[in-house]
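Notes for the structure review
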Amino acid sequence: KKLVNWTPTDIKADMLAKYPPKVARKRASQILVNEALGNETPEISANVRTIPGIITMRGCTYAGCKGVILGPTRDIVNITHGPIGCGFYSWMTRRNQTDASAEGAENFMPYCFSTDMQDQDIIFGGEKKLQAAIQEAYDLFHPKAIAIFATCPVGLIGDDIHAVARKMKAKFGDCNVFAFSCEGYKGVSQSAGHHIANNKIFSEVVGENDAEKPGEFKINLLGEYNIGGDGFEIDRILKKCGITNISTFSGNSTYDQFASAHKADLSAVMCHRSINYVADMLETKFGIPWIKVNFIGAKSTAKSLRKIAEYFGDPGLTARVEEVIAEEMPAVEAVIDDVLPRTKGKTAMLFVGGSRAHHYQDLFAEMGMKTLAAGYEFAHRDDYEGRQVIPGLKVDADSRNIEEIEVKADEQRYAPRKTSEEMAKLEAAGLKFKEYDGLIPDMDHQTLVIDDLNQYEAEKLVEIIKPDVFCAGIKEKFSIQKLGIPMKQLHSYDSGGPYAGFQGAVNFYHEIDRLVNSKVWSYMKAPWQENPELSATYVWE
Ligand code: CFN
Ligand code: HCA
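As a further point, take the site of ligand 2. Close to ligand 2 lie Ala63, Arg94, Gln190, Gly473, Ile474, Lys475, Gln489 and His491. Gln190 is positioned such that a nitrogen or oxygen atom in its side chain is 2.9 Å from an oxygen atom of ligand 2. Measuring from an oxygen atom of ligand 2, one finds a side-chain N or O atom of His491 at 3.0 Å. Within the complex, 77% of the 350 Å² of free accessible area of ligand 2 lies under protein. Residues that form the shell around ligand 2 fall into these classes: two nonpolar, four polar and two charged.

What the rule picks out here adds up to 22 aromatic pairs. Members of the aromatic cluster, connected to one another through ring pairs, are Tyr360, Phe364, Tyr493, Tyr499 and Phe508.

On to the pairing of strand β8 (residues 266–269). Neither face of β8 is exposed, since Leu266 and Ala268 on one face and Ser267 and Val269 on the opposite face are all buried. Pairing analysis gives four bridges linking strand β6 (residues 218–224) to β8, with the strands arranged parallel. By the bridge assignment for β8, Leu222 is matched with Val269. The pairing of β8 with strand β9 (residues 290–292) spans three bridges and is classified as parallel. Each bridged residue has a counterpart across the sheet, and for Ala268 the counterpart in β9 is Ile291. With helix α12 (residues 272–286) bridging β8 and its parallel neighbour β9, the resulting β-α-β unit is right-handed.

In space, the four strands of this open sheet follow the order β3-β2-β4-β5, with parallel pairing throughout. The open sheet has two edge strands, β3 (113–114) and β5 (176–180), and neither has a second partner. The pairing of strand β2 (residues 76–81) with β3 spans two bridges and is parallel. Directly across from Thr80, in β3, lies its bridge partner Ser114.

The predicted model of the chain has a mean per-residue pLDDT of 92, with 91% of residues at 70 or higher. Taken together, the stretch residues 395–399 has pLDDT below 50 and engages in twelve contacts with residues farther than four places along the chain or on a different chain. The ipTM for the predicted assembly is 0.98, set against a pTM of 0.94.

Moving on, we come to the pattern of salt bridges. For the coordinates displayed, the defined rule picks out 30 salt bridges. For the salt bridge of Lys144 with Asp75, the shortest nitrogen-to-oxygen distance reads 3.1 Å. Note that Lys144 is positioned in the loop between α6 (127–141) and β4 (145–150) and Asp75 in the loop between α3 (61–70) and β2, a separation of 69 residues in sequence. Given the relative accessible area of 36%, Lys144 is considered partly exposed. Note that Glu212 and Lys218 form a salt bridge whose closest N and O atoms lie 3.9 Å from each other. By sharing partners, the salt bridges in this structure join Glu233, Arg236, Lys240, Glu327 and Glu328 into a single network.

Once that is clear, we can look at the sheet that holds β8. Read across the open sheet, the four strands follow the order β7-β6-β8-β9; overall the sheet is parallel. Either end of the sheet is taken by a strand with one partner, and the two such strands are β7 (244–250) and β9. The mean inter-strand angle of the sheet, taken between neighbouring strand axes irrespective of direction, is 25 degrees.

Phe180, Ile308 and Tyr509 are the most contacted members of the largest nonpolar core, which totals 103 residues. In terms of residue count, helix α14 (residues 315–343) provides more of this core than any other element does, nine residues in total. If we ignore the near neighbours within four places in the chain, the residues touching Tyr509 are Ala298, Val332, Val335, Ile336, Val339, Leu363, Glu366 and Met367. Counting residues in hydrophobic clusters, the runner-up holds 33 residues, among them Val23, Ala24, Phe351 and Ala526.

Moving on: helix α21 (residues 474–481). Within α21 the residues assigned to the buried category are Glu476, Lys477, Ile480 and Gln481. Relative to the axis of α21, the buried residues are bounded by an arc of 120 degrees and lie together on one face. Contact partners of the buried residues in α21: α20 (455–465), β13 (469–472) and β14 (487–489).

For α14, which comprises 29 residues, the first-to-last C-alpha distance of 39 Å matches the rise-based estimate of 42 Å (1.5 Å per residue) to within 8%. Met329 marks the point of greatest bend in α14, at about 35 degrees, and the proline Pro330 comes within the next four residues. Listing the buried residues of α14 in full gives Leu317, Val321, Val324, Ile325, Glu328, Met329, Val332, Val335, Ile336, Val339 and Thr343. Next to the buried residues of α14 lie α10 (230–241), α13 (298–312), α15 (356–366) and α22 (501–516). Here α14 starts with a cap whose side-chain oxygen sits 3.0 Å from the backbone nitrogen of Gly316, and that cap is Asp314. Where α14 ends, the next residue or the one after it, Gly345, has phi of about 85 degrees, a positive value.

Turning next to the packing of helix α9 (residues 190–204) against α12. Orientation of α9 relative to α12, taken along the N-to-C sense of each, is 25 degrees, at an axis distance of 8 Å. Our classification of the angle between α9 and α12 gives roughly parallel. Considering only the axes of α9 and α12, their crossing is right-handed. On α12, the residues that touch Ser191, His194, His195, Asn198, Asn199 and Phe202 of α9 are Arg273, Ser274, Ile275, Tyr277, Val278, Met281, Leu282, Lys285 and Phe286. Along the lines of polarity and charge, the residues of the contact of α9 with α12 split into seven nonpolar, six polar and two charged.

Time to look at unusual backbone geometry. At the junction of Phe249 and Ser250, the peptide bond is cis and its omega measures out at -5 degrees in the coordinates. Counting through the fold element by element, Ser250 comes out in strand β7. Here the bond from Gly497 into Pro498 is cis, since omega is -5 degrees, no more than 30 degrees from zero. Among the structural elements, Pro498 can be located in the loop between β14 and α22. A positive phi angle, near 55 degrees, is found at Asn226, a position not held by glycine.

Rules behind the numbers
- As a convention, each chain's residues are numbered from 1 in the sequence order in which they are written.
- Written order decides the labels, with chains lettered from A and ligands numbered from 1.
- A pLDDT threshold of at least 70 governs which residues receive local features in this predicted model, and a stricter bar of 80 or more applies before side-chain atom pairs are shown or counted, although totals over entire chains, interfaces and linings include all residues.
- With hydrogens and water stripped out, all remaining heavy atoms of the structure feed into the side-chain values.
- Throughout, near means a residue has at least one heavy atom within 4 Å of the molecule or strand.
- N or O atoms closer than or at 3.5 Å make up a polar contact, with two conditions inside protein: a donor-capable atom paired with an acceptor-capable one, and, for residues adjacent in sequence, both atoms drawn from side chains.
- Areas reported as accessible are Shrake-Rupley estimates using a 1.4 Å probe. Residue values count occlusion only from the protein chains shown.
- Under the scheme applied here, ten amino acids are nonpolar (Ala, Val, Leu, Ile, Met, Phe, Trp, Tyr, Cys and Pro), four are charged (Asp, Glu, Lys and Arg), and all others, including Gly, are polar.
- Any two rings among Phe, Tyr and Trp, with Trp reduced to its six-membered ring, count as a pair given centres within 6.5 Å; such a pair is stacked if its planes are under 30 degrees apart, edge-to-face if over 60, and tilted if neither.
- The buried label goes to any residue with under 20% of its type's maximum accessible area, the exposed label to any with over 50%, and the partly exposed label to all in between, with areas taken from a 1.4 Å probe on protein chains only.
- The way it works is that DSSP assigns letters per residue, a run of H or I at least four long becomes a helix, a run of E at least two long becomes a strand, and they are numbered from the N terminus.
- What makes two strands pair is DSSP finding at least two bridges between them.
- Viewed with both strands pointing away, a crossover whose connecting path from the first strand over the helix to the second turns clockwise is right-handed.
- Per-residue confidence from the predictor is reported as pLDDT, which spans 0 to 100.
- When checking whether two residues touch, look at their non-hydrogen atoms; a contact exists if any pair is within 4.5 Å.
- Basic side-chain nitrogens of Lys or Arg form a salt bridge, by our definition, when they fall within 4 Å of a carboxyl oxygen of Asp or Glu.
- Axis lines are fitted to C-alpha atoms, over the contacting stretch for helices. Their N-to-C directions set the angle, which ranges from 0 to 180 degrees.
- Side-chain atoms within 4.5 Å link the members of a nonpolar core, which is a set of buried Ala, Val, Leu, Ile, Met, Phe, Trp, Tyr and Cys residues.
- Directions are taken from the helix axis to each C-beta atom, and the arc is the one they span.
- Here, expected helix span is obtained from the residue count minus one, scaled by 1.5 Å.
- For a residue, the bend is simply the angle between two axes, fitted respectively to the seven-residue segment ending there and the seven-residue segment starting there.
- Under this scheme an angle from 65 to 115 degrees is roughly perpendicular, one under 35 degrees roughly parallel, and one over 145 degrees roughly antiparallel; angles in between are oblique.
- Should the near helix be turned anticlockwise from the far one by less than a right angle, the crossing is termed left-handed; should it be turned clockwise, right-handed.

Written as structure tokens, this is what we have:
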């Protein structure tokens, strides 16, 4: 069935119609009917504050720092300085897996460490309580490192968490203690939290262990968080190819992996949004170049392996990569052949974080499914546009001024897309540029690209377009399903995964096939089915 009397431009207008004029103007710049053509990528407004009152899908800076970046490192004790809710709700909800099976390996991830601030701590200050918590964690576990994360009230009352960290580090002598000013309200979204976390890991930990790492073709895998075991599948494939992953930021990671990252030959960047600046800093400080990869989708996995092999230029590695692809692809193709008659022509919408709304389109394309609308919660313009990056950009590492850092880093990246002559001139002047894929140029014409989608617009999109599957997070899960549309969580993968690499692609094909072909959704009555006047204007045939 196809919507016949509405164009994407009409849909955009309909979504904006109910807003007050000022809100409509702002949202209009974040909703794009895609008309990307060759070098002409249209501009979208991104990484701007959500309008108060709108029910955003976004998370906070604390979530980005503690939950996303540091959460998956198993041998650092992560203490949340704040009321217990912040620690509790970021405790194991992201499904980042780890493998601590090696003898003697430490794993603090199952614990939830928090200072559990109370009213009196807010009134009289929480530094003493924090100091006691650090001491307690040290006495109990003797970890290599303790990290402290500020929540909103800590910033408001002005506890000096950095001073406490310095004092305890000096006191212990054998345990690195560092703190993150990642109060939830800082910045625009969780993206600011990634930046705060990564800057500190870079300045406090990277480069600490200078011992050579064994193995050939050494890479860092940046921006892979081992959700649902994705990182395990990628590591299986890399190992099979003879590529040595010495450090993942930060899925299945350890303190020592960060400390040794400067010993790699190449950084491969999976999620650009959460870590591009670390790739740049590794290049500037240690001379390690980086390339963009994507292990979501079987074809993208093959392409990424070839890209890594091409970088090393070793005939043995190139041959081995081809062998691995040839070995893995038949199982993938067999499942595609099976599901394709049932999935071909179906439609999807993806509104997820800062990279998956883009990466997962490859998996849907492999199943013959079209993405009609997509967008990020908090990505920046470079993720949408795939613009050139100038390696070696200077980032101010003072994490207290994160808004300025994020804006400065963006300004350096969003020089308007250059013509080839302009590029040649700049390259002759010694500047190097990188191109990577962007969501906008990769999507079809007349699709909708929407930044920071909200509850109201999500329902409107579903009402008008009725996709076969909607992908987002837990806050969207049930409101979408109540509209009779299957909803797949692409953050936590619901209870599934891995979806990365070859075996992950097979898992995904099976799950989506089951989801979009289940009759159960037709038993749900959406509001517009009970009140037909709501959708009377949309004609389907
Ligand atoms: S694992 Fe990553 S892939 S790190 Fe980032 S931008 Fe979040 S936690 Mo949720 S699923 Fe999501 Fe990405 Fe990178 Fe995850 S799309 S929102 S902050 N994300
Ligand atoms: C976060 C983490 C999150 C939330 C997912 C969701 C994740 O942003 O705090 O909304 O379902 O992947 O766990 O993105």
